[in-house]
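Here are the chains, one letter per residue:
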Amino acid sequence: MKKMMIWLFFLISTCLFAPVQLQGKVRLPALFTDGMVLQQRHSVAVWGWAAPHEEIIIHMGWTSQQAEIRADDQGNWLTHIRTPSGGGSYTMQVEGSNTVEIHNVLIGEVWICSGQSNMEFPLENQGKWKTGVVNHEREITLACYPNIRLFHVQHHAAQAPQQDVTGTWTACSPETAGSFSAVAYYFARKLHKALGYPIGIIHASWGGTPAESWVKKEVLSESETLRHLLDKQQEVASRKSSTLYNGMISPLIPFTVKGFVWYQGESNSDRAEEYKKLFPALIANWRMDWKENLPFYFVQIAPHAQKGPLIREAQLMTLGQVENTGMAVITDAADSMDIHPRNKQFPGERLALWALANTYGQEITYSGPIYQRMRIEGNKIRLFFDHADGLQADKEPLREFVICGEDKVFVRATAKIENNTILVSNQMIDKPIAVRFAWKNFPRPNLYNQAALPASPFRTDAWDD
């Protein structure tokens, strides 16, 4: 009987005290694990959970100094530590009632890559729509970059903001790169080769998702033009609006990053007018959460038989109206019948060009021609562009230009390059008033600059079609 009472007391004590011990254990988010990359030359955020008011001491492998912080009433703690120039590997220790060690930590450049299926599209062929990139077997064999670290955020939709994600850091190798985002991989590889620093990529995307899935609920509810997206969600019970922000973006805050890379828009292509408000709201939302005007580089979606030009125009307008953004044009990497073009090297590397020029200060050509303005010259219209040095058309006549007169009926135009401008005309139109370029679902334009970067589709008018 005495032994039974002792055993019963032991069981009761275990049940009573186990939750307290678990609560008091120092824990870190999934981002703070072996193989991670921290943003170089920055005061980076480090946070986690412990017992209420528990003292936390952080030892950094790159300095003899240490950081000290005390958890709040709920056991949350957050501090910032200074990082050196790129390098590694280092070991970090987070010490409280227990000690957590993080090994093989690199210091370098960290980016978040997000969007829908064309961002999720992997290097390898996984069947169905994930058909793999061009020459995927060779590309995977060559993907040996131990100083590029990949973090894949697992799919998670949530009705409320979450504290953590599921994912791990892995070194880029033929064994790990195949299942990773191809666009994110090519972006990272280009940066790594150009800068020489370790690169950390946090990939959080989900195929078939609209932009409103990635926006905070409060941002949508406070906008008169976007509030209806929350009402629409309730009507169709699709858990779309804000759910991926809650489950896959919010838990990443405030991990210190250099910027964002985005490839999305197909699922909003039939609501292009709304996207003109929604996409800038998403960018502002993320920048507000990270408390910094971080660069936001995105892909203008590829031409497709079922995707009209208005969504590409909405993305072009975002480029022109939202500061510190960049847009990779991929009209030359499209497939009329496949919404997932296999050439993911073009978007990945062209996104990297924007970053190398505008974030890292390299003097390179980073964008194709972007329409600037027009001037009527008699029966012709002259077009002016930004990023227009060395306009070319692959030694062929320029294609995909149309022009109209006062009747607003567009007809095929003759277009000629003159001193980095383009002169457009049609002998049947005496008084032209507007020009459009590549303005259809699946154009085949051939206008480039000297860096072989394609021009964005555009129109000089703003009429309702």
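Scroll up a little and you will see the structure.
For the structure given in this document, a descriptive report is provided here.

Calculation rules
- Residues numbered from 1 in each chain as written.
- Predicted model: local features only at pLDDT ≥ 70, side-chain atom pairs only at ≥ 80, totals over all residues.
- Heavy atoms only, no water.
- 1 Å grid on protein atoms, 1.4 Å probe; cavity = no way out; pocket = protein on both sides within 12 Å on 5 of 7 lines; lining within 4 Å.
- Points joined across faces, edges and corners; volume = space filled by probe spheres on them.
- Helix = DSSP H or I, 4+ residues; strand = E, 2+ residues; numbered from the N terminus.
- Nonpolar A, V, L, I, M, F, W, Y, C, P; charged D, E, K, R; others polar.
- Pairing = 2+ DSSP bridges.
- Phe/Tyr/Trp six-rings, centres within 6.5 Å; stacked < 30°, edge-to-face > 60°.
- Buried < 20%, exposed > 50% of the residue type's maximum accessible area, 1.4 Å probe, protein only.
- Expected span 1.5 Å × (residues − 1).
- Contact = heavy atoms within 4.5 Å.
- Polar contact = N/O pair within 3.5 Å; in protein donor to acceptor, adjacent residues only side chain to side chain.
- Salt bridge = Lys/Arg side-chain N within 4 Å of Asp/Glu carboxyl O.

1. Remarks on empty space enclosed by the protein
Consideration 1: The final tally for this structure, using the stated rule, is two cavities of 30 Å³ or more.
Consideration 2: Roughly 60 Å³ of volume is contained in the largest cavity.
Consideration 3: Lining the largest cavity are Met327, Ala328, Val329, Arg350, Trp354, Tyr366, Ser367, Gly368, Leu453 and Pro454.
Consideration 4: If you list the elements that add at least two residues to the lining of the largest cavity, you get β15 (325-328) and α10 (345-359).
Consideration 5: Looking at the lining of the largest cavity residue by residue, the classes come out as seven nonpolar, two polar and one charged.
Consideration 6: Computed from the structure, the second largest cavity encloses a volume of approximately 40 Å³.
Consideration 7: In terms of lining, the second largest cavity is formed by Asn118, Tyr263, Glu266, Ala302, Pro303, His304, Ala334, Asp335, Asp338, Ile339 and Pro341.
Consideration 8: A per-class count over the lining of the second largest cavity returns six nonpolar, two polar and three charged.

2. With respect to the pairing of strand β4 (residues 66-70)
Consideration 1: Looking at chain direction, strand β3 (residues 55-59) and β4 are connected through five bridges and run antiparallel. The residue bridging Glu55 from the neighbouring strand is Arg70, located in β4.
Consideration 2: With antiparallel pairing between neighbouring strands as the criterion, β3 and β4 make up a hairpin whose turn holds six residues.

3. Quick notes on the packing of aromatic side chains
For any two aromatic rings, the description comes down to two numbers: the centre-to-centre distance and the angle of the planes.
Consideration 1: Scanning all chains against the criterion turns up 29 aromatic pairs.
Consideration 2: Ring geometry for Trp214 against Trp262: centres 6.3 Å apart, planes inclined by 85 degrees, an arrangement best described as edge-to-face. Note that Trp214 is positioned in the loop between β12 (199-205) and α5 (217-221) and Trp262 in strand β13 (residues 259-263), a separation of 48 residues in sequence. No difference in accessibility class separates Trp214 from Trp262, as the two residues are buried.
Consideration 3: Here the aromatic rings of Phe410 and Trp463 are separated by 5.9 Å at their centres, their planes lie at 45 degrees, and the arrangement is tilted. Here Phe410, found in the loop between β18 (401-404) and β19 (411-412), pairs with Trp463, found in the segment after β23 (458-459); they are 53 residues apart in sequence, far enough to count as distant.
Consideration 4: Taking relative accessible area as the criterion, Phe410 reaches 23% and is therefore assigned partly exposed.
Consideration 5: In this structure Trp463 comes out as partly exposed when scored by relative accessible area, which is 24%.

4. As for unusual backbone geometry
Consideration 1: The omega torsion across Gly88 and Ser89 is 10 degrees, close enough to zero to call that bond cis.
Consideration 2: Here Ser89 shows up in strand β6 (residues 87-95).
Consideration 3: Here the amide bond leading from Ile253 into Pro254 is cis, since omega sits at 5 degrees, within 30 degrees of zero.
Consideration 4: Tracing the backbone through its elements, the reader meets Pro254 in the loop between α7 (243-249) and β13.
Consideration 5: Despite not being glycine, His53 has its phi angle at roughly 70 degrees, a positive value.
Consideration 6: Positioned with a positive phi, Ser242 is a non-glycine residue whose angle comes to about 70 degrees.

5. Brief notes about helix α9 (residues 309-321)
Consideration 1: Look at α9: 18 Å from first C-alpha to last across 13 residues, which is about the 18 Å you get at 1.5 Å a residue.
Consideration 2: Listed in full, the buried residues belonging to α9 are Pro309, Ile311, Arg312, Glu313, Ala314, Gln315, Leu316, Thr318 and Leu319.
Consideration 3: On its buried side, α9 packs onto α8 (272-290), β14 (296-299), β15, α10, β16 (370-377) and β23.

6. Digging into the environment of Ile433
Consideration 1: Assignment of secondary structure puts Ile433 in the loop between β21 (421-425) and β22 (434-437).
Consideration 2: Remark: the alpha-carbon pair of Ile433 and Met374, spanning 59 residues in sequence, is separated by 9.7 Å.
Consideration 3: Not counting residues within four places of it along the chain, the set of residues in contact with Ile433 comprises Met374, Ile376, Ile381, Cys404, Gly405, Glu406, Lys408 and Trp463.

7. With respect to the side chain of Asn118
Consideration 1: The residue Asn118 is located in helix α2 (residues 117-120) in this model.
Consideration 2: Since its relative accessible area comes to 0%, Asn118 is described here as buried.
Consideration 3: Of note is the side chain of Asn118, whose polar atom sits 3.0 Å from the side chain of Lys344.
Consideration 4: In this view, Asn118 contacts Val183, Tyr263, Glu266, Ile339, His340, Pro341 and Lys344; residues no more than four positions away in its chain are not counted.

8. Concerning the pattern of salt bridges
Consideration 1: Across all of its chains, the model carries 17 salt bridges by this definition.
Consideration 2: Across the pair Lys130 and Glu120 runs a salt bridge whose closest N-O atoms are separated by 3.6 Å. Here the residue Lys130 occupies a position in strand β9 (residues 130-131), and Glu120 occupies one in helix α2, the gap between them amounting to ten residues. The pair Lys130 / Glu120 is uniform in exposure class, with both members buried.
Consideration 3: Among the ionic pairs, Glu212 bridges to Arg271, the shortest N-O distance being 3.0 Å. Residue Glu212 is located in the loop between β12 and α5, and its partner Arg271 is located in the loop between β13 and α8; the two are separated by 59 residues in the primary sequence.
Consideration 4: Among the residues examined, Arg271 registers a relative accessible area of 18% and is labelled buried.
Consideration 5: Here the residues in one salt-bridge network are Glu212, Asp270, Arg271 and Glu274, joined through shared partners.

These figures come from the coordinates and say nothing about function on their own.
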